Amino acid sequence: MADLGRAALLLTLGLCLYACIVGTVAAVTRKRRLAMSARNALIASFGSTLVATTILVAGFVRNDYSLVYVAETSSRSLGGIYKVSALWGGQEGSLLLWLLILTGYAALAVWLNRNRTRDLVVWVTPVLGGIAVFFSFLLVAVASPFVTQVAPLDGSGLNPSLQNPYMMSHPPFLYLGYVGLAVPFAFAMGALLSGRTDERWIVATRRWTLIAWTALGIGQLLGSHWAYLEVGWGGFYAWDPVENAALMPFLAATAFLHSVMIQEKRGMLKVWNMVLVSLAFCLSIFGTFLTRSGVVNSIHSFAQSSIGAWFLAFIVIAVVFSTVTIVWRLPLLRSTTKLESLISREAVFLYNNLLLVALCLTILWGVAWPILSEAVRGDSVVVGRPYFDFFLRIFGLPLLLLMGVGPLIAWRRASLRGLGATFFWPISIAIGTGVVLLILGAGSSIPGLIAYTFSAFVLAAIGLEFVRGTRARRALSSESWPVAFGSLVGRNRRRYGGYIVHVAIVLFAIGVAGASAYDSVVEGRLAKGEALTVSGYTVRYVGLSERQTDHATEVRAKLAVSKDGKNLGGLEAGKNSYKIAGLEPQVSSEVGVRTDYLTGEDLFVIPETIYDDGSMYFRIFVKPLVNLLWLSGLVFLLGSIIALWPDARVQRRLAVRYEEASSPVRGR
Amino acid sequence: MFLLYTSIAGGGTPSVKPSELAAQEGPVSLVGQVVGRPTGDANAEGLRFRLHDVKDPSSPTVLVVYKGSVPDLFASGRDLVVEGELRNGTFVATPGTMVTKCPSKYTAIKPSDQ
């Protein structure tokens, strides 16, 4: 079976090489049949990668420990579904998942666009093929998941912390996001290489970018929630390099999503968009490099890791390739219009872009500086939370404010007098909120107060937009309020979907500010029957139970929770002990969380220590507003889906535009 | 940019390694690797363990006393971050500030590490 797996990967490498080389020849010589052949090879590479992946998954399911990778990341006692997720529990499998998603995306992208933007797609094939060559080469020559050994009796098992439902969702979503950014990048390069630099590449990839971006956002939130539930991972976000690895491409992609609108509407920022899409792609590779090479631990473990140098080389190639291509095509990327005023919607988009990119680059610097310093001076420095928190405030708070300004300000040129009228209500509401909060005592944290005031401003501005739009529709068609609202959103999905995403970001900001500033905690050792009280909650330790599952011993404390004398039912918290033959048992704490869905507050019980006499040491938190973070994830998803939902009218309009753009007489 | 930051935000907690600790005054965020066997109870008199620089076994170690939540991944050989202050040669940690990192990143170094 391992031979078959190796053969499948070798075939993938061959197909991708073919797609890359023959695709380039076909595009240069404009040979249509050759280009089709290259395209088909790229599509076929998905099939062979799928075969390889299936063989590896089968190895996990059959406990085939003659495969080194399976033996290292799985064990006989590992629960059924986690045997599948162990696929991405280590380096080689993660790379295979990358390649699988990449070839899948690539196959779909070139297939869906086979009859449109043909002159552009002939160049997309070799670019995507080239990226896939890198990953399949790694899997064939450097980090093969199909290395065999004399099978040991049992595998060494998946780290217990990874035996968590989030292991099923968080990594795949992140990969869907990371890898998805390759598609807009390939189309951008395709546009440059073919010289077709009109905005068709943007239109063709808008949905791809949105899907990748949404997956990246959701993947990060899932990871946040996971870290929130694990003891000692530093809460929902700790500015860990591995976390930053996902945040950076997300920020670059966010900037890109905004700036392409300017190019579509006003024909500006063409070079900038190319730079952004390249940046987002290179950061996604850099992110994979960070998480997979061990470079964040130390430059020394990087030297030991087999894939680090290859990744570094690939990043250099990607950066040089995109830079050279963009510079070569600069004459084609001239703006058709100029910025008319610094007070206009396009100017606000520009500020938003600068802030997002600045935030992204300062994070990049914070991640790269320790690595560079160690490599150059041999002296490692640590860039910690204060650095990142500082820049998050410096760039994040203005970004929040702009989210409220952007939707209300006019394109091209806004008059100051008009602005006064437009912003009267949002500003009043924001100031009102600020004053009320100050009276309530929120002034203890100045950045928090600013964040809340800005949030009120943004929510008011977005609310105003919805009210205005609905009113206008009612005036037009005399529909009822709900119907008018529905058709308003339905007819402008991209715009109002975007506003809903903005609401999600605001909820997130409120949640972050609230959760970190205002929580309360109590701790103590309890014998059975004793209780702890915090913020009106009383938590009584009722008793201890023990369950034996196939792969772990689960000890649980039964807790009775009440608030202000009212019984709120039971809660469990405890520890799982995973036994693996020949190793010390690995323990994982399972916190007890009770969510108040009305106030968004969490009662969070950490079972610190179980003593021999049956008493337990508990640490109990009350975290207000923290559930806004997770709610924001749902709102974010809703907004993205609305923005993504296919719209027949827009499709027809696009079809006409494709016609015009493909006809010999081009013009805008 | 980094210079700009260090000049503006000098008030933040600096992050240091055990080998740099002696030269620092006031509260810092200490990043290191656990060596030897930890003793004591983090819920009572305090958990006691030694840290040296990450991936540098020859570097000087420092004794840390810590009270509060102990991450599941806390063990000899693990990297962690903890806030606190050096007092009379012992690093007295701020309760509840110990953080270990996502275990997936340990996979790349496992063979040489254990």
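Residues numbered from 1 in each chain as written. Chains lettered and ligands numbered in written order. Predicted model: local features only at pLDDT ≥ 70, side-chain atom pairs only at ≥ 80, totals over all residues. Heavy atoms only, no water.

Section: the overall build of chain B
Item 1. Helices and strands together make up the secondary structure of chain B, namely 2 helices and 7 strands.
Item 2. Per-residue burial for chain B yields a buried fraction of 47% across its 114 residues.
Item 3. For chain B, contacts bridging at least 24 residues in sequence account for 49% of all contacts bridging at least 6.
Item 4. Accessible surface, chain B as shown: approximately 5300 Å² in total, 54% of it carbon and sulfur. (Helix = DSSP H or I, 4+ residues; strand = E, 2+ residues; numbered from the N terminus. Buried < 20%, exposed > 50% of the residue type's maximum accessible area, 1.4 Å probe, protein only. Contact = heavy atoms within 4.5 Å. Areas by Shrake-Rupley, 256 points an atom, 1.4 Å probe, with all protein chains shown as cover.)

Let's talk about the pairing of strand β4 (residues 62-66) of chain B
Residues and elements named next belong to chain B.
Item 1. Taking burial as the measure, the 5 residues of β4 include 5 buried ones, the bulk of the element.
Item 2. Of the two faces of β4, the one lined by V62, V64 and Y66 and the one lined by L63 and V65 are each fully buried.
Item 3. Of the strand pairs in this sheet, strand β3 (residues 47-52) and β4 are connected by 5 bridges, and their pairing is antiparallel. Looking at β4, one finds that L47 is bridged to Y66. (Pairing = 2+ DSSP bridges.)

Points about the packing of helix α8 (residues 182-194) of chain A against helix α13 (residues 308-328) of chain A
Residues and elements named next belong to chain A.
Item 1. It is at 9 Å that the axes of α8 and α13 come closest, and there the two elements cross at 40°. On the basis of the axis angle, α8 is oblique to α13. In this structure, the crossing between α8 and α13 has a hand that is left-handed. For the pair α8 and α13, the contacting residues are F185, M189, L192 and L193 in the first and F321, S322, T325, I326 and W328 in the second.
Item 2. For the contact of α8 with α13, a count of residues per class yields 7 nonpolar, 2 polar and no charged. (Axes fitted to C-alpha atoms, helices over the stretch in contact; angles between N-to-C directions. Parallel < 35°, antiparallel > 145°, perpendicular 65-115°, else oblique. Left-handed = near helix turned anticlockwise from the far one by under 90°. Nonpolar A, V, L, I, M, F, W, Y, C, P; charged D, E, K, R; others polar.)

Things to note about the domain arrangement of chain A
All names here are of chain A.
Item 1. Here chain A is partitioned into domain 1 (1-163), domain 2 (170-177 + 195-379 + 394-406), domain 3 (415-518 + 630-644) and domain 4 (521-623).
Item 2. Counting residues at the interface gives 25 residues for domain 2, matched by 29 residues for domain 3.
Item 3. Note on domain 2 versus domain 3: buried area summed over both sides is about 2400 Å², and carbon and sulfur give 79% of it.
Item 4. The three residues of domain 2 that bury the most area against domain 3 are L221, L400 and M403, which together make up 25% of that side's buried surface.
Item 5. The tally of links between domain 2 and domain 3 comes to 1 salt bridge. (Domains from an automatic or database assignment. Buried area = accessible area lost by both parts, 1.4 Å probe. Salt bridge = Lys/Arg side-chain N within 4 Å of Asp/Glu carboxyl O.)

Let's talk about unusual backbone geometry
Item 1. Of note, A:L269 is a non-glycine position whose phi angle comes to about 60°, a positive value.
Item 2. Its place among the elements puts A:L269 in the loop between α10 (241-266) and α11 (270-293).
Item 3. Among the residues examined, A:L269 registers a relative accessible area of 16% and is labelled buried.
Item 4. Phi is positive for B:N88, close to 50°, though the residue is something other than glycine.
Item 5. Within the fold, B:N88 resides in the loop between β5 (79-87) and β6 (90-93).
Item 6. For B:N88, a relative accessible area of 82% corresponds to the exposed category.

Some points on the side chain of A:T254
Residue and element names in this part refer to chain A.
Item 1. Within the secondary structure, T254 sits in helix α10.
Item 2. The buried category is assigned to T254, whose relative accessible area is 11%.
Item 3. Within the structure, T254 has its side chain in polar contact with the backbone oxygen of F250 (distance 2.6 Å).
Item 4. Those residues in contact with T254, other than ones at most four positions away along the chain, are W213 and L356. (Polar contact = N/O pair within 3.5 Å; in protein donor to acceptor, adjacent residues only side chain to side chain.)

So, the sheet that holds strand β2 (residues 531-534) of chain A
All names here are of chain A.
Item 1. Spatially, 5 strands are ordered β2-β3-β4-β5-β6 in an open sheet, and the strand pairing comes out antiparallel. Pairing within the sheet leaves two strands with one partner each, and these edge strands are β2 and β6 (586-590). Looking at each pair of strands side by side, their axes are set apart by 25° on average, direction ignored.
Item 2. Here strand β4 (residues 552-563) pairs with strand β5 (residues 566-578) via 12 bridges, running antiparallel. What sits directly across from E554, in β5, is N576.

Quick word on the packing of helix α6 (residues 118-142) of chain A against α8(A)
Residues and elements named next belong to chain A.
Item 1. In the contact formed by α6 and α8, the axes pass within 8 Å of each other and the chain directions differ by 130°. Between α6 and α8, the crossing angle belongs to the class labelled oblique. Pair α6 / α8 crosses with right-handed handedness. Counted together, D119, L120, V121, W123, V124, V127, L128 and I131 of α6 and A182, F185, A186, F187, M189, G190, A191, L193 and S194 of α8 form the full contact between these two elements.

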